[in-house]
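A closer look at the structure
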Amino acid sequence: EAVVKHLSWNAQVNFELKKIEATATLTIETSPDAKQLVLDTKALNIKSATDGEGNSLNFVLGESKPFVGTPLIIYITPETQKVAVTYETTDGAEALQWLEPSQTTDKNHPFLFTQSQAILARSWVPIQDSPGIRFTYDAVVQVPNELMALMSASNPVKKNEGGIYQFEMKQAIPAYLLALAVGDIQFTSLGDRSGVYAEPSVLAKSAAEFEDLEKMISAAEDLYGPYRWERYDLIVLPSSFPFGGMENPRLTFATPTILAGDKSLTSLVAHELAHSWSGNL
């Protein structure tokens with residue numbers, strides 16, 4: 001009846017309360033007889049739904065089920081083009097990993113990262129959380145001044161004084177590739193279309209470990225055709241990142257355990273890079 005085609009996400013990240021307050025404005029495509037838009041949610045506190053022009057829309061929360069969460073059913077007409085949902089995350093947001101300063105490498109600032117795969121995007125954005133539904137997105141994210149925000153989208157390369165960051169993802173993705181990282185992060189370029197983000201104390205080591213990244217991208221293109229995501233950057237996360245890597249488009253999330261000092265474990269990068277074709281497309 002109604003399919004999400006674009007997400008505009010406006011969010012504030014609150015480390016003191018460990019929650020994100022946000023409005024997700026969804027551009028939708030409707031069938032001629034559309035009566036409702038059904039979104040996946042999990043442990044979200046839904047505050048309001050409007051039609052994008054400020055007019056309230058009626059909504060109900062369906063039956064909550066283990067693992068899959070709670071459907072958010074918003075009543076629309078075939079003419080409805082946008083739906084804006086204002087909400088906040090809760091302690092039950094399984095995709096959000098809130099780290100105390102002591103859990104980071106540099107021990108100075110808190111850190112937040114997301115892990116949406118497989119079906120946990122719904123715990124931080126009300127969305128159609130199915131790999132069969134792809135959408136483009138843009139975002140404005142406010143974080144504490146001393147921190148930088150990154151997403152699976154176009155990214156900044158340095159902090160700004162206001163703590164407000166803007167993102168754009170022009171290629172359509174499924175919800176499991178929505179990603180956010182916020183922390184004391186710095187960037188080093190590795191070539192025309194690649195670079196590495198990391199906490200300050202591991203940035204130089206990370207850049208040295210991944211210095212062959214441009215060669216990897218070129219080798220993959222020889223195998224599979226043009227790289228379609230414009231940039232391929234890596235972020236080396238704090239040690240508590242519990243996965244090897246996650247192929248979030250434009251910004252692979254990587255474990256610091258691959259920083260061996262001799263590039264012996266960079267096959268993990270080749271694996272995540274390969275998902276830029278097999279999986280992400």
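Reading the values: rules and limits
Residues numbered from 1 in each chain as written. Predicted model: local features only at pLDDT ≥ 70, side-chain atom pairs only at ≥ 80, totals over all residues. Heavy atoms only, no water. Helix = DSSP H or I, 4+ residues; strand = E, 2+ residues; numbered from the N terminus. Rg over C-alpha atoms; globule rule 2.2 N^0.38 Å. Buried < 20%, exposed > 50% of the residue type's maximum accessible area, 1.4 Å probe, protein only. Pairing = 2+ DSSP bridges. Axes fitted to C-alpha atoms, helices over the stretch in contact; angles between N-to-C directions. Contact = heavy atoms within 4.5 Å. Salt bridge = Lys/Arg side-chain N within 4 Å of Asp/Glu carboxyl O.

Another aspect to go through is the overall build of the protein. The number of helices and strands found in the protein is three helices and 18 strands. Relative to a compact globule of 281 residues, whose C-alpha radius of gyration would be 19 Å, the protein shows 19 Å and is just as compact. When its C-alpha atoms are laid out on the principal axes, the protein stretches across 60 × 45 × 35 Å. A buried classification covers 52% of the 281 residues belonging to the protein.

Let us look at the sheet that holds strand 9 (residues 111-114). The antiparallel open sheet is built from four strands, whose spatial order is 8-9-13-11. This sheet does not close on itself; its edge strands, each paired only once, are strand 8 (96-99) and strand 11 (148-151). Here the average twist between neighbouring strands, direction ignored, is 15 degrees. In the sheet, strand 11 pairs with strand 13 (residues 180-183) via four bridges, with the strands oriented antiparallel.

The next thing to look at is the environment of S194. Mapped onto the elements of the fold, S194 is located in strand 15 (residues 194-198). What makes S194 buried here is its relative accessible area of 0%. With 17 residues separating them in the primary sequence, S194 and E211 have C-alpha atoms 9.6 Å apart. For S194, the residues in contact, after removing those within four places along its chain, are S189, L213, E214, I217, R231, Y232 and D233.

Right, let's get into the sheet that holds strand 17 (residues 245-246). Pairing is mixed across the open sheet formed by five strands, whose spatial order is 14-15-16-18-17. Edge positions in the sheet fall to strand 14 (186-189) and strand 17, since each has one partner strand and no second.

Per the counting criterion, the structure on display carries 14 salt bridges. Its salt-bridge partner being K159, residue D184 comes within 2.6 Å of it at the nearest N-O pair. Taken together, the residues span a long stretch of sequence, with D184 in the loop between strand 13 and strand 14 and K159 in the loop between strand 11 and strand 12 (164-174) at a distance of 25 residues. Residue classification places D184 among the buried residues on the basis of a relative accessible area of 12%. For D212, the salt bridge is made with K263, and the minimal N-O distance between the two is 3.4 Å. One end of the pair, D212, is in the loop between helix 1 (200-209) and helix 2 (213-224); the other, K263, is in the loop between strand 18 (251-254) and helix 3 (267-274), with 51 residues separating them in the sequence. Exposure remark for D212: the relative accessible area of 28% places this residue in the partly exposed category. Via salt bridges that share partners, E211, D212, K215 and K263 belong to a single interconnected network.

The next subject is the pairing of strand 15. With five of five residues buried, strand 15 lies mostly within the body of the structure. Residues of strand 15 alternate between two faces, with S194, V196 and A198 on one and G195 and Y197 on the opposite face, all of them buried. Across four bridges, the pairing between strand 14 and strand 15 is antiparallel. Paired with T188 across the two strands is V196, which belongs to strand 15. Counting the residues between successive antiparallel strands, the hairpin from strand 14 to strand 15 contains four residues. Where strand 15 meets strand 16 (residues 232-236), four bridges bridge the pair, whose relative direction is parallel.

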